[in-house]
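Residue-level listing of the chains:
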Amino acid sequence: MRAAHTQFDIQAIQSSWQAFDAMAHLRPIHDKKSYDRMVALMNSLLNTTGDDEDHPLSGLLDLVGDMVLKYEQEHYAIEAAEPKEALRFLMDARGLKQEDLSAIVPQSNLSAILAGKRKISATLAGKLGKFFGISPAVFVPV
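Residues numbered from 1 in each chain as written. Predicted model: local features only at pLDDT ≥ 70, side-chain atom pairs only at ≥ 80, totals over all residues. Heavy atoms only, no water.

(A) The arrangement of helix α2 (residues 32-49) in detail. Helix length check: α2 (18 residues) gives 25 Å between terminal C-alpha atoms against 26 Å at 1.5 Å per residue, within 8%. The complete set of buried residues in α2 reads Ser34, Tyr35, Met38, Val39, Leu41, Met42, Leu45 and Thr49. Along α2, the residues classed as buried sweep out an arc of 165° about the axis, all on the same side. Opposite the buried face of α2, by more than 90 degrees, sit the exposed residues Lys33 and Asn47. Buried residues in α2 make contact with α1 (10-24) and α3 (58-75). (Helix = DSSP H or I, 4+ residues; strand = E, 2+ residues; numbered from the N terminus. Expected span 1.5 Å × (residues − 1). Buried < 20%, exposed > 50% of the residue type's maximum accessible area, 1.4 Å probe, protein only. Arc of directions from axis to C-beta. Contact = heavy atoms within 4.5 Å.)

(B) Up close: the environment of threonine 123. Topologically, threonine 123 is positioned in helix α6 (residues 122-132). For threonine 123, a relative accessible area of 55% translates into the label exposed. It is 17 Å that separates the C-alpha atoms of threonine 123 and serine 111, two residues lying twelve residues apart in sequence.

(C) Up close: the pattern of salt bridges. Tallying each qualifying case throughout the model produces four salt bridges. Note that aspartate 21 is salt-bridged to arginine 27, the shortest N-O span being 2.7 Å. Note on aspartate 21: relative accessible area 16%, which makes it buried. As a salt-bridge pair, lysine 32 and aspartate 36 come within 2.8 Å of each other at their nearest N and O atoms. (Salt bridge = Lys/Arg side-chain N within 4 Å of Asp/Glu carboxyl O.)

(D) Local environment of a nonpolar patch on the surface. Taken together, Phe8, Ile10, Ile13 and Trp17 make up a surface patch of nonpolar side chains, about 440 Å² in accessible area. One can find isoleucine 10 in helix α1. Take isoleucine 10: its relative accessible area is 56%, and that puts it in the exposed class. (Patch = residues over 30% accessible without salt bridge, like charges linked within 9 Å, V, L, I, M, F, W, Y side chains within 5 Å. Areas by Shrake-Rupley, 256 points an atom, 1.4 Å probe, with all protein chains shown as cover.)

(E) Just α3, in detail. A rise of 1.5 Å per residue sets the reference length of α3, with its 18 residues, at 26 Å; its end C-alpha atoms lie 25 Å apart and thus fit the reference within 8%. Within α3, the full set of buried residues consists of Ser58, Leu60, Leu61, Val64, Gly65, Met67, Val68 and Tyr71. Considering only its buried residues, α3 is in contact with α1 and α2.

That's the geometry; what it means functionally is another story.
This is how it looks when you write it as structure tokens:
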């Protein structure tokens, strides 16, 4: 099988790259300063492209987004939490008491869940996800 040869106009790429590089300074992210700059570039691109996947800058947005994601996965990884801990965190963050969830789950069941004596059912995970506006998967054990 023969490898396809693609011809590139390197001089045109070089002149375009120099103009682009002077503005964006697109480089792999190795530190917080370059991370912050790439996040700012990504946000600017998002503001410009919106949801238009056919926008002329969507490929650049994909590239920058991948770079940011890679850095975040390496430096800001979030470990999965136990479902009961995720529930406790969400309740604390929103200043909710057990009785505030009484329309979703009986208080005795909620106490047992938070104490680790009872698991969150798939049905309850769906209700909690809807209540908190997040994916029900947060409440499913890994």
